[in-house]
Amino acid sequence: MRALCWAGADAVEVRRVPDPELRNAQDMIVRVRRSTTCGADLPLLGGRVPEASAGEVLGREFLGEVVEVGPEVRRHRVADRVVVGAAVACGACWFCRQGLLACCDNGTSGVTAEPEWGQPSAGGFGRPARLGGFAGGHAEFVRVPYADVGAFAVPESVSDDRAVFAADAAPAGWYGAELGEVAPGDVVAVWGAGAVGQLTAGAAVARGADRVIVVDDRDDRLRMVARHAGVEALNHRYVDVLAELRERSGGRGPDVCVDASGMPAEPSRWPLTEADGGAALREAVHACRKGGVVVVLDARPGVVDRFPLGALTDKGLAVRAARRRGATAIPELLARMARDELVTEHLATHRMPLERGADGYALFRDRADGCVRVVFTP
Ligand SMILES: [Zn+2]
């Protein structure tokens, strides 16, 4: 089959690789219909992940049609249209039983991921095998382990272009608002107007926030989130963000500050110190009202410099973080999509065939031409 692979250094290319096969009784094989770029890929694409091997298949978020199921798969049949959560989790370990699927002990491909984190997290599609990952969705076919845990049937009325965002971007955004315990009347500030930031802003509105303010440096993205989520936008290139946030929150600062700024695109070695990667986090801690909540979302540099620890204790802030929601929110989000309460297809600012994967990733990395996400069709 054809698949978009990491090709070493900062190159990606479409290659011929072997078709995936069922390996375990709970596996299924999906023929991909849509897959989307993800900011967590940027360190890999920049040649900054030493664990990566050339030829590994990229793609964390995808949707497709079931073509083969293992003997223990109960919830899916051949020809079902499914969206697959980006975290690979067993559904049975202690963490999975608590609903913490992204913290699964068994979801990796057999490798203990990131020993410097202290514990492994769940596996993921499109991550290097040496970090516990699996071949990803920028391909014609994907093997989906633990298919009953991570894959969900898409309601007939929801288009592929909308549902592909239920794989990870929408669950992450939803989780950002949930972790912040956003409540009616809150003022919420979100750093980052990529897909996850925009969906966090939408989720905060859905939870009844009084004001939601998104901070970014790109006017095109800010216009998009203002139009689609009905929120306020601040461009930090020409607005004093801290002063504006104070002003718009009765002089106190926002109740909930979400850093959804993701991975810096500039080259630096993973997962070592990211000297400039924490600017949004520092600003969020600075802006947040005393006793408020700071939420950090998504894949991040391993270490950030100058973390404002003293401000946390002096202001009594709660900090919560998550890389992925895990699959538990996907059914509810698909139901919201079916009711048109959650609209995501506009986030696919660019669509192209998988053959143009290298062009698509260059566009995505540089945020050129108003790019928020590129959606590929094999
Ligand atoms: Zn588990």
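Residues numbered from 1 in each chain as written. Predicted model: local features only at pLDDT ≥ 70, side-chain atom pairs only at ≥ 80, totals over all residues. Heavy atoms only, no water.

K.L.:
Where do I start with the nonpolar core in this structure?
P.N.:
Grouped burial of nonpolar side chains is what soluble globular proteins tend to show. Among the nonpolar cores identified, the biggest contains 62 residues, and Val83, Val188, Val214 and Leu334 are the most heavily contacted of them. Elements represented by at least two residues in this core include exactly helix H5 (169–179), strand E10 (187–191), helix H6 (195–206), strand E11 (211–216), helix H7 (219–229), strand E13 (256–259), strand E15 (293–297) and helix H11 (330–338). Non-local contacts of valine 83, meaning those with residues more than four positions away in its chain, are made with Phe62, Leu63, Gly150, Ala151, Phe152, Val154, Ala163, Val164, Ala166, Ala167, Ile330 and Leu334. One finds Val215, Cys257, Leu281 and Cys288 within the second-largest nonpolar core, a separate group that totals 19 residues. (Core = buried A, V, L, I, M, F, W, Y, C linked by side-chain atoms within 4.5 Å. Buried < 20%, exposed > 50% of the residue type's maximum accessible area, 1.4 Å probe, protein only. Helix = DSSP H or I, 4+ residues; strand = E, 2+ residues; numbered from the N terminus. Contact = heavy atoms within 4.5 Å.)

K.L.:
Can you walk me through the packing of aromatic side chains in this structure?
P.N.:
Aromatic ring pairs are reported here in terms of the distance separating the ring centres and the angle at which the planes meet. Tallied over the entire structure, the rule returns five aromatic pairs. Three or more aromatic residues link up through ring pairs in this structure, and these residues are Phe62, Phe125 and Phe134. (Phe/Tyr/Trp six-rings, centres within 6.5 Å; stacked < 30°, edge-to-face > 60°.)

K.L.:
Got a minute to help me understand unusual backbone geometry in this structure?
P.N.:
Glycine aside, the phi torsion of most residues is negative, and most peptide linkages are trans. For tyrosine 146, which is not glycine, the phi torsion reads 45° and is therefore positive. Note that tyrosine 146 resides in the loop between strand E8 (141–144) and helix H3 (147–150). On the basis of relative accessibility, which here comes to 22%, the residue tyrosine 146 falls in the partly exposed class. One non-glycine residue, glutamate 181, lies in positive phi territory at about 50°. Its place among the elements puts glutamate 181 in the loop between H5 and E10. On the basis of relative accessible area, glutamate 181 is assigned to the exposed category, the value being 53%.

K.L.:
Whenever I open this one, H6 confuses me. Can you help?
P.N.:
Residues that lie three or four places apart on an α-helix share one face, since the helix turns once every 3.6 residues. An ideal rise of 1.5 Å per residue puts 16 Å on 12 residues; H6 measures up with 16 Å between its terminal C-alpha atoms. Of all the 12 residues making up H6, nine are buried; the element is thus mostly covered by neighbouring parts of the structure. Within the sequence span of H6, burial applies to Ala195, Val196, Gly197, Gln198, Leu199, Thr200, Ala201, Ala203 and Ala204. Following H6 by one or two positions, glycine 208 has its phi on the positive side, about 95°. (Expected span 1.5 Å × (residues − 1).)

K.L.:
Quick question: what am I supposed to make of the environment of serine 261 here?
P.N.:
Structurally, serine 261 is set in the loop between E13 and strand E14 (273–274). The class of serine 261 is partly exposed, set by a relative accessible area of 27%. Distance in space between the C-alpha atoms of serine 261 and valine 296 is 8.8 Å, their sequence separation being 35 residues. Apart from residues no more than four positions distant in its own chain, serine 261 is found in contact with Trp191, Gly192, Ala280 and Arg300. Looking at serine 261, its side chain comes within polar contact range of the side chain of aspartate 259, at 2.6 Å. (Polar contact = N/O pair within 3.5 Å; in protein donor to acceptor, adjacent residues only side chain to side chain.)

K.L.:
Explain the sheet that holds strand E17 (residues 318–322) here, please?
P.N.:
As a general point, the strands of a sheet are linked pairwise by backbone hydrogen bonds and lie either parallel or antiparallel. Spatial strand order, E12-E11-E10-E13-E15-E17: six strands in an open sheet with parallel pairing. Of all the strands in the sheet, just strand E12 (232–235) and E17 have a single pairing partner and so form its edges. Averaged over all neighbouring strand pairs, the angle between strand axes comes to 20°, with direction disregarded. Relative to E12, E11 is paired through four bridges, and the arrangement is parallel. For valine 214, the partnering residue across the bridge sits in E12 and is alanine 233. (Pairing = 2+ DSSP bridges. Axes fitted to C-alpha atoms, helices over the stretch in contact; angles between N-to-C directions.)

Such coordinate-based values are descriptive only and should not be taken to indicate function.
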